[in-house]
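# Examination of the molecular architecture
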Amino acid sequence: AEPAATWPGLRGSVWDRHPYLLPNVVYGGLVLVGGVLTAAMLPESRGGGATGVPPPTFAALARNREFRLAASCCWIQVAYFSAWLQTVVLILQIPEHDAGFGLGPVEIGSMQNLAAVAVVLVGVRLYPALVRRSGLLAAYDCGWIANLLVTAPFPLYTLWAAKRFGLWRMVGPTATLVVGAAGGALVNPTAFVWVNRSVPRAHLGHAGGAVAMGQALAQAAAPPVFGAVFALGEAASVR
């Protein structure tokens, strides 16, 4: 962002007038390149590839009950976790004079770094061991339970949100972000395993593409919707 601040020669150009255009062009270009490579190089994208199996239509996928259930899990949980993270971060920024935590980017960023470490550890160590020991459904249930156990009592955390409580006030928010994200690391891969198991091997690419498309839409739609709900709630509390 703001390339003109780094390269003075760009001042007065379109990159200066629209400082966030460059990273968005780069991201969009990467997506475009990925789409072109997928269409040109993956056999499934060219109509069945070496297997000779014709690709399924979306109607055929929709008639597959197992696929519908697994895909719905993927879409709903992506929408939930996207909105969940945004809402928690917004709540943590509510000023202390409004009975909030009043946390800034440094504190919230540190919590999210811890959450990222937790996600990696869960994915590398806990998830494989839990699936081998108890199965996919147990891992899926544990993920949701972990997230809800730290999220449901969030209103109670605000009782010690004031700075006079010192580091104790950080325990609830940190547990929410770390344990909640770890729960997501159990839930999300499990649902995708179910998607892969619901279709023939030759149709994995098309099924995965349909699910990924729905996840992208859910991830784009959920935060604005829940952000609007959050804004309405905040306005109601102010009145």
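The structure displayed is predicted, hence computed values, not measured ones.

## Concerning the overall build of the protein
- Within the protein one finds 10 helices and 0 strands.
- Traced from its N-terminal end to its C-terminal end, the protein shows the element sequence α-α-α-α-α-α-α-α-α-α.
- Counting over 239 residues, the protein shows a buried share of 33%.
- For the protein, contacts bridging at least 24 residues in sequence account for 69% of all contacts bridging at least 6.

## Re the packing of helix α6 (residues 105-134) against helix α9 (residues 171-197)
- As a packed pair, α6 and α9 sit with axes 8 Å apart at the nearest point and diverge in direction by 40 degrees. Classed by the angle they form, the pair α6 and α9 counts as oblique. The element α6 and its partner α9 pack so that their crossing is right-handed. Contacts from M111, Q112, L114, A115, A118, V119, V122, Y127 and L130 of α6 reach α9 at P173, T174, L177, V178, A181, A182, A185, L186, P189, T190 and V193.

## Remarks on the packing of aromatic side chains
- Here the structure, examined in full by the defined rule, presents 9 aromatic pairs.
- Here the aromatic rings of Y80 and F81 are separated by 5.1 Å at their centres, their planes lie at 80 degrees, and the arrangement is edge-to-face.
- Taking the relative accessible area as the measure of exposure, F81 reaches 12% and is therefore buried.
- Taken together, Y80, F81, W84, Y140, W144 and W194 form an aromatic cluster joined through their ring pairs.

## Points about the confidence of the model for the protein
- Chain-level pLDDT for the protein is 85 on average; 89% of the residues reach the 70-or-more range.
- For the protein, the element scoring lowest by mean pLDDT is helix α4 (residues 58-63), at 74; helix α7 (residues 136-151) scores highest, at 96.

## Let's talk about the side chain of T151
- Note that T151 resides in helix α7.
- When neighbours within four sequence positions are excluded, T151 is seen to be in contact with Y80, W84 and T176.

## Concerning the nonpolar core
- Within the largest apolar cluster, 29 residues are counted, with the highest numbers of intra-cluster contacts made by F67, L92, F101, L103 and V195.
- Among the secondary structure elements, those contributing two or more residues to this core are α5 (65-92), α6, α7, α8 (154-157), α9 and α10 (204-238).
- For F67, the contacting residues outside a window of four places in its chain are L61, V195, S198, V199, A207, A210 and V211.

## Considering the environment of L61
- Following the sequence through the fold, L61 ends up in helix α4.
- Since its relative accessible area comes to 5%, L61 is described here as buried.
- Linking L61 and A210, residues 149 residues apart in sequence, is a C-alpha distance of 8.9 Å.

## A closer look at the environment of P155
- The topology assignment puts P155 in helix α8.
- Each C-alpha atom of the pair P155 and G172 lies 9.8 Å from the other, and the pair is 17 residues apart in sequence.

## Concerning α7
- Look at α7: 23 Å from first C-alpha to last across 16 residues, which is about the 22 Å you get at 1.5 Å a residue.
- Of the surrounding elements, those touching the buried residues of α7 are α5, α6, α8 and α9.

## Structural notes on a nonpolar patch on the surface
- A contiguous nonpolar patch, built from L156, L159, W160, F165, W168 and V171 and spanning about 640 Å² of accessible area, is present on the exposed surface.
- For L156, the location among the structural elements is in helix α8.

Quick notes on the rules
- Residues numbered from 1 in each chain as written.
- Predicted model: local features only at pLDDT ≥ 70, side-chain atom pairs only at ≥ 80, totals over all residues.
- Heavy atoms only, no water.
- Helix = DSSP H or I, 4+ residues; strand = E, 2+ residues; numbered from the N terminus.
- Buried < 20%, exposed > 50% of the residue type's maximum accessible area, 1.4 Å probe, protein only.
- Contact = heavy atoms within 4.5 Å.
- Axes fitted to C-alpha atoms, helices over the stretch in contact; angles between N-to-C directions.
- Parallel < 35°, antiparallel > 145°, perpendicular 65-115°, else oblique.
- Left-handed = near helix turned anticlockwise from the far one by under 90°.
- Phe/Tyr/Trp six-rings, centres within 6.5 Å; stacked < 30°, edge-to-face > 60°.
- pLDDT = per-residue confidence, 0-100.
- Core = buried A, V, L, I, M, F, W, Y, C linked by side-chain atoms within 4.5 Å.
- Expected span 1.5 Å × (residues − 1).
- Patch = residues over 30% accessible without salt bridge, like charges linked within 9 Å, V, L, I, M, F, W, Y side chains within 5 Å.
- Areas by Shrake-Rupley, 256 points an atom, 1.4 Å probe, with all protein chains shown as cover.
- Salt bridge = Lys/Arg side-chain N within 4 Å of Asp/Glu carboxyl O.

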